[in-house]
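# Working through the structure, step by step
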Amino acid sequence: MMTLSRFYVQAGAVVLGIVGAIIMSKIDYHFMAKLWKLHVPAAIFLVLLTFILGQQRGEADDKAWIIINLTDSFSVSFQPTELLKISFVLSFALHLSAVRENINKLKNVFFLCLHGIYPVALIHLQGDDGTALVFLFIFLFMIFSAGISWKYIFLAAGALGASVPFLWNMVLSADQKNRILAIWDYNYDPQNIGWQQMQGRISIGSGQIWGIGIFSPDHRTSVPEIHNDFIFAFIAESVGFIGSMAILILLVSIGLKILLNSRHSLDYLGKYIYVGVASIILTQIFINIGMCLSILPVIGITLPFFSSGGTSAATLYLAIGLSLSVYMHNRKTLFS
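Residues numbered from 1 in each chain as written. Predicted model: local features only at pLDDT ≥ 70, side-chain atom pairs only at ≥ 80, totals over all residues. Heavy atoms only, no water.

### Things to note about the overall build of the protein chain
Looking only at helices and strands, the protein chain features 12 helices and 2 strands. When the elements of the protein chain are put in sequence order from the N terminus, they spell out α-α-α-β-β-α-α-α-α-α-α-α-α-α. Taken over the C-alpha trace, the protein chain has a radius of gyration of 20 Å; the compact-globule value for 336 residues is 20 Å, and the two agree within 12%. With 336 residues in all, the protein chain has 43% of them scored as buried. About 17500 Å² of surface is accessible on the protein chain, with carbon and sulfur atoms providing 69% of the total. Within the protein chain, the 17 negative side-chain charges are centred at a point lying 16 Å from the centre of the 20 positive side-chain charges. (Helix = DSSP H or I, 4+ residues; strand = E, 2+ residues; numbered from the N terminus. Rg over C-alpha atoms; globule rule 2.2 N^0.38 Å. Buried < 20%, exposed > 50% of the residue type's maximum accessible area, 1.4 Å probe, protein only. Areas by Shrake-Rupley, 256 points an atom, 1.4 Å probe, with all protein chains shown as cover. Lys, Arg positive; Asp, Glu negative; His and termini not counted. Charge placed at Lys NZ, Arg CZ, Asp CG, Glu CD.)

### Looking at the packing of aromatic side chains
To describe a pair of aromatic rings, you give the distance between the ring centres and the angle between the ring planes. Tallied over the full model, the rule gives 10 aromatic pairs. Aromatic side chains Phe 88 and Phe 92 sit 5.3 Å apart centroid to centroid with 10° between the ring planes, which places their arrangement in the stacked category. In this pair, Phe 88 and Phe 92 are both assigned in helix α4 (residues 80-99), 4 residues apart and thus about one turn of the helix distant. Each member of the pair, Phe 88 as well as Phe 92, carries the same accessibility label: buried. Looking at Phe 88, the relative accessible area reads 0%, which means it is buried. Of the aromatic side chains, those joined through ring pairs into one cluster are Phe 88, Phe 92, Tyr 118, Phe 135 and Phe 139. (Phe/Tyr/Trp six-rings, centres within 6.5 Å; stacked < 30°, edge-to-face > 60°.)

### Some remarks on the environment of Leu 181
Checked against the element boundaries, Leu 181 lands in helix α8 (residues 174-184). Judged by relative accessible area, which is 33%, Leu 181 ranks as partly exposed. When the C-alpha positions of Leu 181 and Met 24 are compared, they lie 43 Å apart, and in sequence the two are 157 residues distant.

### As for the pattern of salt bridges
The final tally for this structure, using the stated rule, is 3 salt bridges. A salt bridge links Glu 82 to Lys 85; the shortest N-O distance between them is 3.0 Å. Residue Glu 82 and its partner Lys 85 are both found in helix α4; the two are separated by 3 residues, about one turn of the helix. Glu 101 is paired through a salt bridge with Arg 100; the nearest N and O atoms lie 3.7 Å apart. Its relative accessible area of 31% is what places Arg 100 among the partly exposed residues. (Salt bridge = Lys/Arg side-chain N within 4 Å of Asp/Glu carboxyl O.)

### A few points about the environment of Gln 56
Structurally, the position occupied by Gln 56 is in the loop between α3 (36-53) and β1 (66-69). A residue is classified by how much of its surface remains accessible, and Gln 56, at 42% relative accessible area, is partly exposed. Expressed as a C-alpha distance, the spacing of Gln 56 and Ile 67, which sit 11 residues apart in the sequence, is 9.3 Å.

### A short note on a nonpolar patch on the surface
On the surface, Val 15, Val 19, Ile 23, Ile 27, Phe 31, Leu 35 and Leu 38 cluster together to form a nonpolar patch covering roughly 620 Å² of accessible area. Among the elements that make up the nonpolar patch, the one with the highest residue count is helix α1 (residues 4-26) (3 residues). By the secondary structure assignment, Phe 31 is in helix α2 (residues 29-34). (Patch = residues over 30% accessible without salt bridge, like charges linked within 9 Å, V, L, I, M, F, W, Y side chains within 5 Å.)

### Thoughts on unusual backbone geometry
Phi at Gln 208 is positive, roughly 50°, even though this residue is not glycine. Judged by relative accessible area, which is 60%, Gln 208 ranks as exposed. At Glu 225, a position not held by glycine, the phi torsion is positive, near 55°. Its location among the elements puts Glu 225 in the loop between α9 (195-206) and α10 (231-261).

### Quick word on the packing of α9 against α10
Where α9 meets α10, the axes come as close as 6 Å, and the angle between the chain directions of the two elements is 25°. Relative to α10, the element α9 is oriented roughly parallel. The two elements α9 and α10 cross, and the hand of that crossing is left-handed. Each of Gly 200, Ser 203, Ile 204 and Ser 206 in α9 lies in contact with α10, whose residues at this interface are Phe 232, Ala 233, Ala 236 and Glu 237. In terms of residue class, the contact of α9 with α10 is made up of 4 nonpolar, 3 polar and 1 charged. (Axes fitted to C-alpha atoms, helices over the stretch in contact; angles between N-to-C directions. Parallel < 35°, antiparallel > 145°, perpendicular 65-115°, else oblique. Left-handed = near helix turned anticlockwise from the far one by under 90°. Contact = heavy atoms within 4.5 Å. Nonpolar A, V, L, I, M, F, W, Y, C, P; charged D, E, K, R; others polar.)

In structure tokens, the structure reads:
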């Protein structure tokens, strides 16, 4: 469960995120996008720094965190890949808006794919395949919204299907294969790979319709990372099916509202930023709850605005601030 120090870190991250969101909403998104030559290299440098100084946290397999010791008994950590999400959305939106009229020319498709692949490949090498998958979906959402030709989509789908044997045999580790196999067979290695998801399902089921209450003394504590990746198991146990569905509808509504705002953007840069921010939120919701329900393998993705994790929480609020920047600086006014 969440310790007092973790609570303070989380609360501080939320406050910083909200303040950052307010500041970002006041800055013109055109200006932030044009600064890509500053924030993209800075974000990539921080990610590369994890290859040297990166450390593991909790049950994570990857060394994706940089830990700063403030005192002998207190330290803070941050995950640079979360900050890269904001930078990527801004830079890729700018790239898409620059080539939108000729987006289906082979040269432009090649460079757009190169732009989308670099964070996926970099984070895969770091070992955080969950976050790499989120970046892949951000790229797919954004390039699809820009009007990429269906012939490229079918070509990519065919290439992906053909590469599955190669990916399974040459790219995926034994641990990753076992996590995938565990979702097909609930009894597959239940004391190791399948333990976390099995315990999570028990917690979700024990909440039944109305839940046992948030502060009930009868909460199960045997779910690893229940404060983080498996927070949905705690939510479902606490407030039951009705409460967890209400929270799910709330979260999805936030993502869909941002996505719908893209239809009213006065320029393409704003439209693509909206889509990028919505894809961050919606992808993480889908993957996180899929993990908890054993529909997807455990890959360490947080539930937006609920999971413990200071960098994740702050980044999500910054993403909201970015979408608010588009809203504030993308409307006709009396003096336009």
